[in-house]
Amino acid sequence: MTVGRGENTIKTTCPYCGVGCGILASTSEEGGVSVLGDPEHPANFGRLCSKGSALGETTDWSDRLLYPEIAGTRTHWDHALDLISSKFSDAIAAYGPDSVAFYISGQLLTEDYYVANKLMKGYIGSANIDTNSRLCMASSVAGHRRAFGTDTVPGTYEDLELADLLILVGSNLAWCHPVLYQRIVAAKASRPEMKVVLVEPRLTMTNDIADIHLPIRFDGDVALFEGLLAYLKEKNGLNEEYIAAYTTGFDAALAAASHYSLAEISVETGLEISDLEEFYRLCLKTEKTVTVYSQGVNQSIAGTDKVSAIINCHLATGRIGREGMGPFSITGQPNAMGGREVGGMANMLACHMDIENADHRSITQRFWNSPMIVDKPGLKAVDLFRAIRDGEIKAVWIMGTNPVDSLPEADLVKEALETCPFVVVSDIVQRTDTTAYADVALPSEGWGEKEGLVTNSERRISRQQRFLPSPGEARADWWQIAQVAKRMGYEYAFDFPDAASVAREYAAMSAFENDGDRDFDIGALSHMTAREFADFSPVQWPFKDGENPRSTRFFTKGEFYTSDRKARFQVPAKRNPKSFNHTYSYTLTTGRIRDQWHTMTRTGKSSRLSQHLAEPFVEIHPADAEDLRIKEAELVEIYNDHGSIIVRALLTDRVSQKSVFLPMHWTDQFASNARINCLVPANTDPYSGQPASKNVPCLIKRFTASYYGFAVTREKPNLSKFDYWAIAKCDGGWRIELAIEDRTADYAEMAKDILGAGEILDYQDQRKGEYRIAVFDGGDVKGVFYLSPTPVSVSRSWLVNQLCASHESKISRYELLAGRPGAEGQDIGAIVCSCFSVGRNQIVDAVTKKGCVTLPSVGGCLKAGTNCGSCRSEIQEILNEFVVIQAAE
Ligand code: SF4
């Protein structure tokens, strides 16, 4: 886990979330990779979360796509590229430019994005290029553009630390942006007077730092912030000077906001009037206010209106562009911001220019010297895949993303790719739910192999560096696109020798005919030498030619990017969207968990990260579970008109009654049937085209398992016979959860399928209907398997370590069969701290038997929470539970 800073240490950037942490990566002579947070990187100052800390465990080549493939068979790059070029050219010739499409990703580097966008919008002549960032922050983009005239994040991370009031809306920072969360924790510890308000239907781990939790009704955000605007007016809390000097449209926005009483807002938000008043009073009296928002705001059919309602309040108070003030949208992906800047979305041109703006089209075309330039937006992600399904798109190229799992109506995406005449997938992983549909699969370079720029949520551009050899014949995505462009006849415009030359061209474009009327200007980078590109230090934009790098805030004194340089107040149209369908009893919301990233293609390779939550689950309120006759740890089916999935029930009052939470990560590679997006209808925000993934009607019923199983095995077995399975990596093998509906299923047959042959030790309890078996190969255990009519109760955290232990003795073999350690051993319980593999039972012991009553004392005793800090909220929760119990005794 630790790494020195020797000569083989290189500075790079984390490839996961939009915090954009700097990393020091080192390689050993054996090829191992270890990482540390970069203490000099301004995003993280040395911190890393559990995902970033485990990056070194994800760089092996075990599941990599190593060579180009046509129809699943290895081929040469030239054959693959020729085929792509001819299929795309044929479709364009026969059906026009809009018959082809690119679906790209926030995982791509800026250079990849730039080349893809240039080819599609300037040479093919279509805007059918969209990014999976459409799914996470398109509503913020739309909200920024209609208020500011461009997609500008006004503030910096420092503002979150300097604020006296931090409002977190629909944002589980503790798990989704952990390092930024840790920065806030530290700021609040040093300034306890700083207040944090969490606006969130669920009680997430982020509540740990909240002074006030507002458990808002789904999609009640517009009402909450319109109510705030009206309250500020009523209490003389507005900045009339700022409104008059730098904005337009205030009267209409205020009139709309003032239309409702506090009682009506209470109904719409589901919040008590007294709680609303307390929140509004806090906002009124606190000048230094930052409102942070992410997917809980964006992933809604009213996402753009929510963003507008938030921005309206900041404009009305002039709390924008100054230290510790402003609306702050935080992005999900490592280069979602880079994709926005470079025009990776179907409705934008490069460098924050607009397709609808004739001057911008002219600038773009003249800079590219391209034969054409698009003059209308292309299809956004959801519409794009519908068009593929409907036969309008004849060829699609998917780069670095897994739409079969991540898009709403995910089964429709499968259908679309099945019917599409030609599908290209560029990826690092050979087998994903999407590569299964590839006519041509192209091996891309992964983290540590590719090089280029990324931009984080505070407009800070950093470098991802190459420090590992590329496996097989993997190549950079920008190179793949440029090769196809050349074959399509555009040699002159895509003759990039390296990533640095792409970056320079992009930087020059941002400054081209830019007299300060466009926000995005990184002209200073247009002269970068190869050495300067290699040694790139993080820099926040704008970074104009001739200027020194500096931290910047926007809009302190207006200067918005509208025609009159004034911000536009908006009147939200969808104040109270009624997306809830009353024929369904429950509402599901989707989200992330602490230790996994997106569809687990990388984090799923780390056994450390798989310890925390190893199986797809649903959080369900105990009262609902009782109504539905569902007990803890039983399996449940969640279903609606779009599909159904099977997941484990986790009973908790963190969710309110009638609502459930499901994580987004599991795919067909890790579970039998847990792709939650097959339940999510493709309802989108009318302005941003972003799908609503947080307010999905569903029904729930108990899954009728005749037998539940749990296994730990050395080899990965074929699990297709089971009605339910979920598999995760553990040290030396795999941990597997199973269930089967057939009451007559043969125990021994199942065990053989999972464990294979060997020396057997087994036990059957006919009265309870339980069966346990361990299979040995000499002193090593090949695997253990437990079967029971009720959810299997064994010590999973102990068992997953037994594959690497010796089992010569009878006692140790019987312990295996028992599924837990003997008196001498310790059942550490479910893993809480992934970095040091500390379990819940150990923390409870430290609290109850060793007198640890604070986070530092638990850290001192067990090291838990002392590395990345991602688990501190969970440790605090255990402390809260047991310290209170002790005090009461
Ligand atoms: Fe990576 Fe974690 Fe930092 Fe996000 S917070 S960039 S996942 S280390």
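For the structure given in this document, a descriptive report is provided here. Predicted, not measured: the structure shown is a model, and the values here were computed from it.

Time to look at the overall build of the protein. Assigned secondary structure in the protein consists of 29 helices and 34 strands. A compact globule built from 889 residues would reach a C-alpha radius of gyration of about 29 Å, and the protein, at 27 Å, matches this within 12%. Along the first, second and third principal axes, the C-alpha set of the protein runs to 80 × 70 × 60 Å. Looking at the protein as a whole, 64% of its 889 residues qualify as buried. Looking at the protein alone, contacts between residues at least 24 apart form 71% of all its contacts between residues at least 6 apart.

This part takes up empty space enclosed by the protein. Taken as a whole and assessed by the stated rule, the structure comprises nine cavities of 30 Å³ or more. Here the second largest cavity defines a volume of roughly 100 Å³. For the second largest cavity, the full set of lining residues is T58, T59, D63, R64, I428, V429, G446, W447, E449, T601, R602 and K605. Split into classes, the residues belonging to the lining of the second largest cavity amount to three nonpolar, four polar and five charged.

Let us look at the packing of aromatic side chains. This model, assessed by the stated rule, comprises 33 aromatic pairs. Measuring from centroid to centroid gives 5.5 Å for Y114 and Y506, while their planes differ by 50 degrees, and the two rings are tilted. Of this pair, Y114 sits in helix α3 (residues 110-124) while Y506 is found in helix α21 (residues 499-511), placing the two residues 392 residues apart along the sequence. Arranged with centres 5.2 Å apart and planes meeting at 55 degrees, the rings of F367 and F512 form a pair that is tilted. One end of the pair, F367, is in helix α16 (residues 358-368); the other, F512, is in the loop between α21 and α22 (530-534), with 145 residues separating them in the sequence. One aromatic cluster in this structure is built from Y114, F148, W368, Y506, F520, W541, F554, F555, F560 and Y561. Lying across the ring of Y561, R565 places its NZ or CZ 4.8 Å from the centre. Over the ring of W734 we find K716, and its NZ or CZ is 4.8 Å from the ring centre.

What follows deals with the packing of α16 against α21. One can describe the packing of α16 onto α21 by two numbers: an axis separation of 10 Å at closest approach and a directional angle of 145 degrees. Pair α16 / α21 crosses with right-handed handedness. Residues T364, F367 and W368 of α16 pack against E505, A508 and M509 of α21. Residue composition of the contact of α16 with α21, grouped by class: four nonpolar, one polar and one charged.

To continue, consider the pattern of salt bridges. Evaluated as defined, the whole model comprises 53 salt bridges. Close ionic contact of E547 with R550 constitutes a salt bridge, the shortest N to O distance being 3.5 Å. The class for R550 is partly exposed, based on a relative accessible area of 45%. As a salt-bridge pair, E737 and R648 come within 3.4 Å of each other at their nearest N and O atoms.

On to the state of the cysteines, then. A full pass over the atoms with the stated rule returns zero disulfides. Unpaired in this structure, C176 has its nearest cysteine sulfur neighbour in C17, at a distance of 8.5 Å.

Right, let's talk about the sheet that holds strand β10 (residues 212-214) for a bit. The sheet built from five strands is open, its strands ordered β10-β9-β8-β12-β13 with parallel pairing. One side of each edge strand has no neighbouring strand; the edge strands of this open sheet are β10 and β13 (326-329). Adjacent strand axes in the sheet meet at a mean angle of 15 degrees, parallel and antiparallel pairs treated alike.

Another aspect to go through is the packing of α3 against α21. The geometry of α3 relative to α21 is characterised by a closest axis approach of 9 Å and an angle of 65 degrees between their N-to-C directions. Here α3 is positioned roughly perpendicular relative to α21, judged by the angle of their axes. When the axes of α3 and α21 are compared, the crossing they make is left-handed. Between α3 and α21, the contacting residues are T110, E111, Y114, V115 and K118 on the first element and A499, V502, A503, E505, Y506 and M509 on the second.

As a further point, take helix α10 (residues 250-257). Along an α-helix, residues three or four positions apart point the same way, because every turn accommodates 3.6 residues. The set of residues buried in α10 consists of F250, A253, L254 and A257. The buried residues of α10 occupy an angular sector of 95 degrees when projected down its axis, which confines them to one face. Of the surrounding elements, those touching the buried residues of α10 are α8 (221-234), α9 (240-246), β11 (247-248) and α14 (303-317).

Definitions and cut-offs
- Residues numbered from 1 in each chain as written.
- Predicted model: local features only at pLDDT ≥ 70, side-chain atom pairs only at ≥ 80, totals over all residues.
- Heavy atoms only, no water.
- Helix = DSSP H or I, 4+ residues; strand = E, 2+ residues; numbered from the N terminus.
- Rg over C-alpha atoms; globule rule 2.2 N^0.38 Å.
- Buried < 20%, exposed > 50% of the residue type's maximum accessible area, 1.4 Å probe, protein only.
- Contact = heavy atoms within 4.5 Å.
- 1 Å grid on protein atoms, 1.4 Å probe; cavity = no way out; pocket = protein on both sides within 12 Å on 5 of 7 lines; lining within 4 Å.
- Points joined across faces, edges and corners; volume = space filled by probe spheres on them.
- Nonpolar A, V, L, I, M, F, W, Y, C, P; charged D, E, K, R; others polar.
- Phe/Tyr/Trp six-rings, centres within 6.5 Å; stacked < 30°, edge-to-face > 60°.
- Lys NZ or Arg CZ within 6 Å of the ring centre and 35° of its normal.
- Axes fitted to C-alpha atoms, helices over the stretch in contact; angles between N-to-C directions.
- Left-handed = near helix turned anticlockwise from the far one by under 90°.
- Salt bridge = Lys/Arg side-chain N within 4 Å of Asp/Glu carboxyl O.
- Disulfide = S-S within 2.5 Å.
- Pairing = 2+ DSSP bridges.
- Parallel < 35°, antiparallel > 145°, perpendicular 65-115°, else oblique.
- Arc of directions from axis to C-beta.

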